[in-house]
Amino acid sequence: AQRVTQPEKLLSVFKGAPVELKCNYSYSGSPELFWYVQYSRQRLQLLLRHISRESIKGFTADLNKGETSFHLKKPFAQEEDSAMYYCAPLVPNNLFFGTGTRLTVIP
Amino acid sequence: DAMVIQNPRYQVTQFGKPVTLSCSQTLNHNVMYWYQQKSSQAPKLLFHYYDKDFNNEADTPDNFQSRRPNTSFCFLDIRSPGLGDAAMYLCATSSQQAINEKLFFGSGTQLSVL
């Protein structure tokens, strides 16, 4: 079955520590991949997309086609990074969300 | 300024009483989506409009319908809400000018069913 998996529902790290939010997908073909973020009391918004190969707010995500993963990484977590993060493949023109990981950055 | 606006922010309805949620956008995007997000779960795509073309997801119950009278507005109608339909309903838009265009989300409507 086609799906996206975020194995960690909750993730806590200390401020300044590296953080990695895992995402694995099992869609056929090569879907476009996105990370969306929802900060407390704010709307869901795009964090970054694979195609742009960008770094947003210090976050990067590398697509590993061999492992079918698109993990989100940041070398030094900040308190303002605390939020809900969703990995989302675009299949084929619709966005499907993983179950999400709630990241808490401890001061 | 909010570009995708959902009203109301909170909606309470009774079991079996039809309810309509509304979404409007100022972006002139041609695609509008409705997602259902239950507590502690991922947003789940219900359907979307590509211009006037309606596209239903295979597992969306018949109880859920949608209308898009013009580019700016899209409505979600729940004909006979059940307790299991209590959720956050998210509207989103995209321009689809490129296949990887991002989605813009509204703040959502939290639906309670009594």
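Here, every reference points to the structure presented above.
Nothing here was measured: the structure is a model prediction, and the numbers come from that model.

Quick notes on the interface of chain A and chain B
Then, number 1: Taken residue by residue, the interface counts 20 residues in chain A and 22 residues in chain B.
Then, number 2: Carbon and sulfur atoms supply 53% of the area buried between chain A and chain B, which totals about 1,700 Å² over both sides.
Then, number 3: Inspection of the chain A/chain B interface yields 0 salt bridges.
Then, number 4: Put simply, the parts of the chain that give the side of chain A that touches chain B at least two residues each are strand E5 (32–38), strand E6 (45–49) and strand E9 (83–90) of chain A.
Then, number 5: Considering each element in turn, the side of chain A that touches chain B owes the most residues, 4 residues, to E5 of chain A.
Then, number 6: By residue class, the composition of the side of chain A that touches chain B is 11 nonpolar, 5 polar and 4 charged.

Observations regarding the pattern of salt bridges
Then, number 1: What the rule picks out here adds up to 6 salt bridges over all chains.
Then, number 2: Note that glutamate 20 of chain A is salt-bridged to lysine 22 of chain A, the shortest N-O span being 3.1 Å.
Then, number 3: Residue classification places glutamate 20 of chain A among the partly exposed positions, given a relative accessible area of 29%.
Then, number 4: The salt bridge partner of lysine 44 of chain B is aspartate 59 of chain B, with a shortest N-O separation of 3.4 Å. With lysine 44 of chain B in strand E5 (residues 44–50) and aspartate 59 of chain B in the loop between strand E6 (53–56) and strand E7 (64–67), this residue pair connects regions lying 15 residues apart in the sequence.
Then, number 5: The exposure class of lysine 44 of chain B is partly exposed, given its relative accessible area of 30%.
Then, number 6: The network of salt bridges with common partners includes Glu20, Lys22 and Lys73 of chain A.

Some points on unusual backbone geometry
Then, number 1: Put simply, asparagine 7 of chain B and proline 8 of chain B share a cis peptide bond, and its omega is -10°.
Then, number 2: By secondary structure assignment, the location of proline 8 of chain B is in the loop between strand E1 (4–7) and strand E2 (10–13).
Then, number 3: Notably, arginine 41 of chain A is not glycine yet its phi reads approximately 65°, a positive angle.
Then, number 4: Turning to its location among the elements, arginine 41 of chain A is positioned in the loop between E5 and E6.
Then, number 5: Positive phi values are uncommon outside glycine, yet serine 40 of chain B reaches one of about 65°.
Then, number 6: Residue classification places serine 40 of chain B among the exposed residues on the basis of a relative accessible area of 58%.

Looking at the pairing of strand E3 (residues 19–25) of chain B
Residues and elements named next belong to chain B.
Then, number 1: Of all 7 residues in E3, 6 are buried, a share of seventy percent or more.
Then, number 2: Bridge analysis of E1 against E3 gives 4 bridges, and the strand direction is antiparallel. Along E3, the bridge assignment pairs isoleucine 5 with serine 24.

A word on the sheet that holds E1 of chain B
Residue and element names in this part refer to chain B.
Then, number 1: Strand order across the open sheet formed by 4 strands is E1-E3-E8-E7, with antiparallel pairing between neighbours. What marks the edges here is a single partner per strand, and that holds for E1 and E7. In this sheet, neighbouring strand axes are inclined to one another by 20° on average, regardless of whether the strands run parallel or antiparallel.
Then, number 2: The pairing of E3 with strand E8 (residues 73–78) spans 6 bridges and is antiparallel. Bridged to cysteine 23 within E8 is cysteine 74.

As for the nonpolar core
Then, number 1: Residues Trp35, Leu72 and Tyr85 of chain A are the most contacted members of the largest nonpolar core, which totals 25 residues.
Then, number 2: Listing elements by their share of this core, those giving two or more residues are strand E2 (10–14), strand E3 (19–21), E5, E6, strand E8 (69–74), E9 and strand E10 (101–106) of chain A.
Then, number 3: Aside from chain neighbours lying at most four places away, what touches leucine 72 of chain A is Val19, Glu20, Leu21, Trp35, Leu47, Leu48, Phe59, Thr60, Ala61 and Tyr85 of chain A.
Then, number 4: Core analysis: the next-biggest nonpolar cluster, separate from the first, contains 20 residues, Phe34 and Ala88 of chain A together with Tyr33 and Leu45 of chain B among them.

Let's talk about the sheet that holds E9 of chain A
All names here are of chain A.
Then, number 1: Ordered in space as E2-E10-E9-E5-E6, the 5 strands form an open sheet in which the pairing is mixed. In the strand order of this sheet, the two ends are held by E2 and E6, each with one partner. Mean inter-strand twist for the sheet, computed between neighbouring axes without regard to direction, equals 30°.

Rules of the game
Residues numbered from 1 in each chain as written. Chains lettered and ligands numbered in written order. Predicted model: local features only at pLDDT ≥ 70, side-chain atom pairs only at ≥ 80, totals over all residues. Heavy atoms only, no water. Contact = heavy atoms within 4.5 Å. Buried area = accessible area lost by both parts, 1.4 Å probe. Salt bridge = Lys/Arg side-chain N within 4 Å of Asp/Glu carboxyl O. Helix = DSSP H or I, 4+ residues; strand = E, 2+ residues; numbered from the N terminus. Nonpolar A, V, L, I, M, F, W, Y, C, P; charged D, E, K, R; others polar. Buried < 20%, exposed > 50% of the residue type's maximum accessible area, 1.4 Å probe, protein only. Pairing = 2+ DSSP bridges. Axes fitted to C-alpha atoms, helices over the stretch in contact; angles between N-to-C directions. Core = buried A, V, L, I, M, F, W, Y, C linked by side-chain atoms within 4.5 Å.

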